[in-house]
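One-letter residues, chain by chain:
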Amino acid sequence: KAGVTQTPRYLIKTRGQQVTLSCSPISGHRSVSWYQQTPGQGLQFLFEYFSETQRNKGNFPGRFSGRQFSNSRSEMNVSTLELGDSALYLCASSAVGGLAGQETQYFGPGTRLLVL
Amino acid sequence: KQEVTQIPAALSVPEGENLVLNCSFTDSAIYNLQWFRQDPGKGLTSLLLIQSSQREQTSGRLNASLDKSSGRSTLYIAASQPGDSATYLCAVVSSNTGKLIFGQGTTLQVKP
């Protein structure tokens, strides 16, 4: 069974631009969560989607948004990029869903975003 | 507000040693605690998940314990190998928010 895939793997943008990241969960998984990882703040929860609905949200500004499609694939969008948005963005999927983390989550390799 | 702390931040041991990684959390209201492994430039791999009602979980050379009342967990690695070199992350799911909250991790180096 294929794992969680994320595209693109690397991305360079400039301040003020917007970016869209994509995540394909493991086949059959319905819950997708997004995390931001930086050296200073560590891993922080962004949001979780289940059956196309955002079920939980972290403490990030409204510039960070996401959505989930009927095939469970998810996208994350960041508008008006700032230098501090440079990070590794990780996506994770889980089978049944429930609140993120209540069951084993399977992580993708991440998208490394650099904002110049 | 739930906070997760991992000590030490880095650890270097010779191959074959048994070692313990520590994780502490400030709020005992958790659904579960999980240990992850992260290799450089890669995503996370789930190692062990301990439900709040459990005291420990074992997988191969790994054993994780949970003491919810004291807000502590340990990850025991037996007979360490160079392939165990990675960053180990502890995370708890808060019962109040349902969010997965991570510690900053312990970077382990096992020398041949």
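A brief look at the structure comes next. (Residues numbered from 1 in each chain as written. Chains lettered and ligands numbered in written order. Predicted model: local features only at pLDDT ≥ 70, side-chain atom pairs only at ≥ 80, totals over all residues. Heavy atoms only, no water.)

### Observations regarding the layout of surface pockets
Point 1. Here the largest pocket is characterised by a volume of approximately 630 Å³.
Point 2. Looking at the largest pocket, it is lined by 22 residues, and the ones nearest its centre are L43 and Q44 of chain A together with K1, Q2 and I101 of chain B.
Point 3. Of all the secondary structure elements, the ones that give two or more residues to the lining of the largest pocket are β5 (42-50) of chain A together with β10 (100-102) of chain B.
Point 4. Top contributing element to the lining of the largest pocket by residue count: β5 of chain A, with 4 residues.
Point 5. Grouping the constituent residues of the lining of the largest pocket by class yields 7 nonpolar, 11 polar and 4 charged.
Point 6. Considered as a void within the structure, the second largest pocket measures approximately 360 Å³ in volume.
Point 7. As for the second largest pocket, its lining consists of 21 residues, and the residues nearest its centre are Q37 and P39 of chain A together with Q38, T87 and Q104 of chain B.
Point 8. Contributing elements (two or more residues each) for the lining of the second largest pocket: β4 (31-38) and β5 of chain A together with β9 (86-94) and β11 (106-111) of chain B.
Point 9. Ranked by residue count, the leading element in the lining of the second largest pocket is β9 of chain B, at 3 residues. (1 Å grid on protein atoms, 1.4 Å probe; cavity = no way out; pocket = protein on both sides within 12 Å on 5 of 7 lines; lining within 4 Å. Points joined across faces, edges and corners; volume = space filled by probe spheres on them. Helix = DSSP H or I, 4+ residues; strand = E, 2+ residues; numbered from the N terminus. Nonpolar A, V, L, I, M, F, W, Y, C, P; charged D, E, K, R; others polar.)

### Quick notes on the sheet that holds strand β7 (residues 62-67) of chain B
Strand-to-strand pairing in sheets goes through backbone hydrogen bonds, with the strands running parallel or antiparallel.
Residue and element names in this part refer to chain B.
Point 1. With antiparallel pairing, 5 strands are arranged side by side in an open sheet as β1-β3-β8-β7-β6. Bordering the open sheet on either side are β1 (4-7) and β6 (56-59), each of which pairs with just one other strand. With direction set aside, neighbouring strand axes in the sheet form an average angle of 15 degrees. (Pairing = 2+ DSSP bridges. Axes fitted to C-alpha atoms, helices over the stretch in contact; angles between N-to-C directions.)

### Structural notes on the pairing of β6 of chain B
Residue and element names in this part refer to chain B.
Point 1. For β6 and β7, the ladder comprises 4 bridges, and the chain directions are antiparallel. Looking at the pairing, T58 lines up with N63 of β7.
Point 2. Following β6, the chain reverses through 2 residues before pairing antiparallel with β7; G60 in that reversal takes a positive phi of roughly 60 degrees.

### Notes on the sheet that holds strand β1 (residues 5-7) of chain A
Residues and elements named next belong to chain A.
Point 1. Read from one edge of the open sheet, 4 strands run β1-β3-β8-β7, paired in antiparallel fashion. A strand with exactly one partner marks an edge of an open sheet, and here the two such strands are β1 and β7 (64-68). Each strand axis lies, on average, 20 degrees off the axis of its neighbour in the sheet, ignoring direction.
Point 2. With 5 bridges joining them, β7 and strand β8 (residues 74-78) adopt antiparallel strand pairing. Across the sheet, the residue bridging to S65 is N77, located in β8.

### Brief notes about the interface of chain A and chain B
Point 1. Counting residues at the interface gives 24 residues for chain A, matched by 20 residues for chain B.
Point 2. Overall, the association of chain A and chain B removes approximately 1,600 Å² of surface from exposure, summing both partners, and the carbon and sulfur fraction of that is 51%.
Point 3. Where chain A meets chain B, there are 0 salt bridges.
Point 4. Where chain A touches chain B, the interface holds 3 residue pairs in polar contact (both at pLDDT 80 or more).
Point 5. If one sorts the elements of the side of chain A that touches chain B by residue count, β5 of chain A sits on top with 3 residues. (Contact = heavy atoms within 4.5 Å. Buried area = accessible area lost by both parts, 1.4 Å probe. Salt bridge = Lys/Arg side-chain N within 4 Å of Asp/Glu carboxyl O. Polar contact = N/O pair within 3.5 Å; in protein donor to acceptor, adjacent residues only side chain to side chain.)

### Thoughts on unusual backbone geometry
Point 1. Of note, the amide linkage connecting T7 of chain A to P8 of chain A takes the cis form, showing an omega dihedral of -10 degrees.
Point 2. Positionally, P8 of chain A belongs in the loop between β1 and β2 (10-13).
Point 3. Geometrically, the link from I7 of chain B to P8 of chain B is a cis peptide bond, its omega value of 0 degrees lying close to zero.
Point 4. Looking at where P8 of chain B falls in the secondary structure, it is placed in the loop between β1 and β2 (10-14).
Point 5. Its identity as a non-glycine residue notwithstanding, E52 of chain A has a phi of 70 degrees, on the positive side.
Point 6. Note that E52 of chain A resides in the loop between β5 and β6 (53-57).
Point 7. Phi is positive for A79 of chain B, close to 45 degrees, though the residue is something other than glycine.
Point 8. Relative to the assigned elements, A79 of chain B resides in the loop between β8 (72-77) and β9.

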